[in-house]
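Architecture and fold: a report
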Protein chains: 2
Amino acid sequence: MAKPDLPKPTEAELAILRVLWERGPSTVREVTEHLQDERGTGYTTALKLMQIMTEKGLVKRDESERSHVYEAVASAENTQRQIVGDLLDRVFGGSAQQLVMQALSAKRTSKVELAEIKELIAEFEKKAK
Amino acid sequence: MAKPDLPKPTEAELAILRVLWERGPSTVREVTEHLQDERGTGYTTALKLMQIMTEKGLVKRDESERSHVYEAVASAENTQRQIVGDLLDRVFGGSAQQLVMQALSAKRTSKVELAEIKELIAEFEKKAK
DNA sequence: AGTCGTCTACGAAGACTTTCGTAGATTGAG
DNA sequence: CTCAATCTACGAAAGTCTTCGTAGACGACT
């Protein structure tokens, strides 16, 4: 099945992963520019972080070009699930409904979104015995 | 309304807050003993953390007894909401339904729980226009 | 008074995270 | 070839978080 058990990304690492998920494989420069707005990350800072992430196995890089191209190893979904699972234990004592409760409270959720979430749950109900 | 805007608790701080929420106001010794199992936190470590948390305003303490009694300033609900709101932005780009999706995937959720969550959503639907 | 156990206070070590300066390699233009 | 721009690599500073050792205060008990 291959679940190499990657470490939980730090905050800055996560910001980089988000860019890679959105853009697909990218160079340091491309990532830096995308991060500029929300973080003001400098070029060498991003480079260093991405080098560290390579060591940790969070990203892999293609060195065939002069500007190395980095790519996220884990999908957004898998990483998000890992992070939420961790949160569930650490903050909510494993209660998914409490988490959902606070998620809906934290952000005013539109009727459309609520309906979509309901559909989601209906699907899970089919699967659950 | 008084929303003093407390800092986000760190991991170790959160573990302490969880004990305070569960037990109510407690001494350092009591907290340490509760934390012993899951964290192996030493007495002076807990003490130091709780002193720092006092400075940050996360807890307040009653010094009228020789053993100071600490109490969480923010409720579990408020703190959880803050943390989830932060996560929503940082990890899910603000999409509550993606968060719910991963929460339900991360933990096998029972039919009973799913039903409860559905009720929750029904209530939110009433409030939302 | 002297001793023991428990308490607070404090400082500092150690680990981890993030940032950046600098050096050296490579490429393209003049 | 030389220069400027751009890249990687690396080390180290600065900040934060967590841990713990040690010191001094306090109270109870003999």
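Sequence order as written defines the numbering, with residues in each chain counted from 1. Naming scheme: in the order in which they are written, chains are lettered from A and ligands are numbered from 1. Only residues with pLDDT of at least 70 get local features here, since the model is predicted, and only at 80 or more are side-chain atom pairs given and counted; chain-wide, interface and lining totals rely on the full set of residues. The side-chain quantities take in all heavy atoms of the structure and omit both hydrogens and water.

As a further point, take the sheet that holds strand E2 (residues 59-62) of chain B. Residues and elements named next belong to chain B. Should DSSP find at least two bridges between two strands, the strands are regarded as paired. Under the scheme used here, helices are H or I runs from DSSP no shorter than 4 residues and strands are E runs no shorter than 2 residues, and both carry numbers assigned from the N terminus. In space, the three strands of this open sheet follow the order E1-E3-E2, with antiparallel pairing throughout. The open sheet is flanked by strand E1 (26-27) and E2, the only strands paired with a single partner. Pairing analysis gives four bridges linking E2 to strand E3 (residues 69-72), with the strands arranged antiparallel. Following the sheet pairing, Arg61 is matched in E3 by Tyr70.

Further remarks concern the confidence of the model for chain A. The predicted model of chain A averages 93 in pLDDT, with 96% of residues at 70 or higher. pLDDT measures how confident the predictor is about each residue, on a scale from 0 to 100. Mean pLDDT values for the elements of chain A range from 91 in helix H6 (residues 111-127) of chain A up to 98 in strand E2 (residues 69-72) of chain A.

As a further point, take the domain arrangement of chain A. For the domain bounds, the source is a domain assignment made automatically or taken from a database. Along its sequence, chain A is organised into domain 1 (11-72) and domain 2 (76-127). Of note, the centres of domain 1 of chain A and domain 2 of chain A, computed from C-alpha atoms alone, are 28 Å apart.

For the rest of this paragraph, the subject is the pattern of salt bridges. In the sections that follow, a salt bridge refers to a side-chain nitrogen of Lys or Arg positioned within 4 Å of a carboxyl oxygen of Asp or Glu. Taken as a whole and assessed by the stated rule, the structure comprises 18 salt bridges over all chains. For Glu11 of chain A, the salt bridge goes to Lys8 of chain B, with nearest N and O atoms at 3.9 Å. Pair noted here: Glu11 of chain A is in helix H1 (residues 11-23) and Lys8 of chain B is in the segment before helix H1 (11-23), and the two residues belong to different chains. On the basis of relative accessible area, Glu11 of chain A is assigned to the partly exposed category, the value being 41%. To sort residues, take the accessible area from a 1.4 Å probe on protein chains only and compare it with the maximum for the residue type: under 20% means buried, over 50% means exposed, and anything in between is partly exposed. For Lys8 of chain B, a relative accessible area of 39% translates into the label partly exposed. Between Glu30 of chain A and Arg23 of chain A there is a salt bridge, with its nearest N and O atoms 3.2 Å apart. Classification of Arg23 of chain A by relative accessible area gives partly exposed; the value is 36%.

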